[in-house]
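# Structure assessment
Now for the letters of each chain:
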Amino acid sequence: MHACHTSDRDAISTTTQNAPVEQEEPQEEETNYLNHETSIWSWLSTKDHKRIGVLYCVSLATVFLAAGVLALLMRAELSGPDQTLMSNDTYNQVFTMHGILMVFLFLVPSIPAILGNFVLPLQIGAKDVAFPRLNLASWYVYLAGAALTITALLTGGVDTGWTFYTPYSSSTGGGVLWMTAAIFVAGFANIFTGMNFIVTIHKMRAPGMTWNRLPLFVWGLYATSIVQVLATPVIGITMVLLILEQTLQIGIFDPALGGDPVLFQHFFWFYSHPAVYIMILPAFGILSELIATFSRSRIFGYRAIALSSVAIAMLGFLVWGHHMFVSGQSAISSIVFSLITYLIGIPSGIKVFNWVATLYKGSIWLQTPMLYALGFLFMFTIGGFTGIMVGVLSVDVHLHDTYYVVGHFHYVMMGGSVVALLGAMHYWWPKITGRMYNETLAKIAAALVFIGFNLTVFPQLVLGSRGMPRRYANYADRFAGLHQLSTYGSQILGVGLFLILGYALWSLAYGEKAPANPWGATTLEWTNTTAVPIHHNFERTPLVTRGPYDFHLADEVFGGGDGEALSDDVPQIPEPAPSAPSETDTADPASA
């Protein structure tokens, strides 16, 4: 036995020595939009919509960080009834800058500029936007507006509030001139983006991508783009008139020069209320994508959701007067504006009803994007109901310019737009970066954001109902408890947002490589592209023959990562993430 064993061992040894040695060839990294060119100049001169979306993401994240730090400073000052951290004048400048950065330089451009740029051409089967050079120009124009904002800070700052109400803004220092110029310039970036998206959606859809097959995120961007193109010139003209009044002493808004300060309010809110829908309509589109994908259900009432976005965009131009119920406008005007305010709640309610109906009997998958979607439903609904409250004439007289308005606005903008943006960034993060984030940390952060936000803003609704005016650095002792609760909430919210920043940066370097379709989604950016899209998005132009939320047909119709439709005899399913539900989990409960 020993001899035999030795002989066998020798034979094995000889065979191994005579066998050719296979050398492993180094695997070449797949070429995609991130690595097909790597120089800094290739990024700064890029005309690739995906890279421009990433450039916007970095820029807007910087603005959001600055505005968030200012918010934390405000809440720290308001933790006590007397001066705690800063003087009254400094507080005025801090809340003004927080509002300007958040509204004009973050919320208005955020979702269209980041996710619209990245996702829109992918979702409609296009290789880029209609005007790539104009797209890049919009980013540089945005940077010019941000540079003018910094100049305003260096020339004395602005303490007028983000609304620039006259006659105070007509007679204050040079910082206002620079800030109004910044808003004028940054507005062109929004107009360029809106024009680009409208033409892209009309002219560059893939074969078979009819209007009834557009993803609802595209419908939201389309409605948003209409508002951007029609409304933004109004704020631009208003800012120019304010500059002319200051520099040339022309009487437009200043009563000392024969002007009318209420005219400024009409001009400002004629833009700024549609601007609210610029901020929220893309978020509605995001919610439709997230809820359909993570409930594994065809969206309920597709056409109603799509057309309600357009209805909101149109009606949004007719309600600016509800900001001016106490400005002295006629009683008839106030009644009409109040009625239209109730009317615009109907299409918003249609969306919420249809989202809930989509969830009904769906196979809910509680991944991080879905947590943000459910949080949106809760917080935006509060924002909507409180908006109806201040649309009531008799109620608004008492709540106007109180913290109730602050609470309502933040429930819609932060609880709506920002929460939807966070959910969308988690949803499309694998497609943008090719990496997966830490799901456990992401869920913890989502919980912190939800708890922290509600703890911050809900006490403000109570404060306003009890008579606490907004924009005051000091206040009566009876309001101290609720203000302190709000400050604690802001700190929890800050921890959650910084946690998101931390694991997002970590995932770029150490995150697990993402599969092409980790969510088992059904729109073209998931079913017909590689894990990280190539420079021109698709190897072949997709042929669309089904709707965007037909989960049972998606992969066999739209095909795999090469952009070619699969044949009927080669059924394949999207590659799931490690924690994706099994096929039995995602089956229709009714069929079970």
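Fair warning: this is a prediction, and the values are worked out from it, not measured in the lab. (Residues numbered from 1 in each chain as written. Predicted model: local features only at pLDDT ≥ 70, side-chain atom pairs only at ≥ 80, totals over all residues. Heavy atoms only, no water.)

### Structural notes on the overall build of the chain
Applied cut-off: Helix and strand definitions follow DSSP, with helices as H or I runs of at least four residues and strands as E runs of at least two, each counted in order from the N terminus. Buried residues are those whose accessible area, probed at 1.4 Å on protein chains only, stays under 20% of the maximum for their type, while exposed residues exceed 50% and partly exposed ones sit between those limits. Any two residues having at least one pair of non-hydrogen atoms within 4.5 Å are treated as being in contact. Residue burial considers only the protein chains on display, and all accessible areas are found by Shrake-Rupley using a 1.4 Å probe.
In terms of regular secondary structure, the chain is built from 18 helices and zero strands. The proportion of buried residues among the 592 residues of the chain is 54%. When contacts within the chain are restricted to residue pairs at least 6 apart in sequence, those whose partners lie at least 24 apart make up 81%. When the accessible surface of the chain is summed, it comes to about 25,100 Å², and 65% of that surface belongs to carbon and sulfur atoms.

### A look at the nonpolar core
Applicable threshold: What makes a nonpolar core is a set of buried Ala, Val, Leu, Ile, Met, Phe, Trp, Tyr and Cys residues whose side-chain atoms join them at distances within 4.5 Å.
Grouped together as the largest cluster of nonpolar side chains are 167 residues, with contacts concentrated most on Leu 115, Phe 164, Trp 355, Phe 376 and Trp 428. With 22 residues, the single largest contributor to this core is helix α4 (residues 88–124). When sequence neighbours within four positions are dropped, the list of residues in contact with Trp 428 reads Leu 115, Val 119, Gln 123, Phe 217, Ile 286, Glu 289, Glu 525 and Trp 526.

### Focus on unusual backbone geometry
The residue after Thr 166, namely Pro 167, is reached through a cis peptide bond having omega 5°. With respect to the helices and strands, Pro 167 occurs in the loop between α5 (132–154) and α6 (168–171). Although it is not a glycine, Asp 401 sits at a positive phi angle of roughly 60°. Among the structural elements, Asp 401 can be located in the loop between α13 (393–399) and α14 (403–433).

### Overview of the pattern of salt bridges
Formally: Criterion for a salt bridge: a side-chain nitrogen of Lys or Arg within 4 Å of a carboxyl oxygen of Asp or Glu.
By the definition in use, this model includes three salt bridges. Notably, a salt bridge pairs Asp 48 with Lys 50, separated by 3.0 Å at the nearest N-O pair. Judged by relative accessible area, which is 1%, Asp 48 ranks as buried. As a salt-bridge pair, Asp 401 and Arg 470 come within 2.8 Å of each other at their nearest N and O atoms. Taken together, the positions of Asp 401 in the loop between α13 and α14 and Arg 470 in the loop between α15 (439–465) and α16 (480–510) put the pair 69 residues apart, joining distant regions of the chain.

### Comments concerning the confidence of the model for the chain
To be explicit about the condition: Each residue carries a pLDDT score, the predictor's own confidence in it, on a scale running from 0 to 100.
Across the chain, the average pLDDT comes to 86, with 88% of residues at 70 or higher. In this model, residues 1–27 is a region of pLDDT below 50 whose contacts with residues beyond four sequence positions or in other chains number zero contacts. The model gives residues 557–592 a pLDDT under 50, and that stretch makes 64 contacts with residues more than four places away or in other chains.

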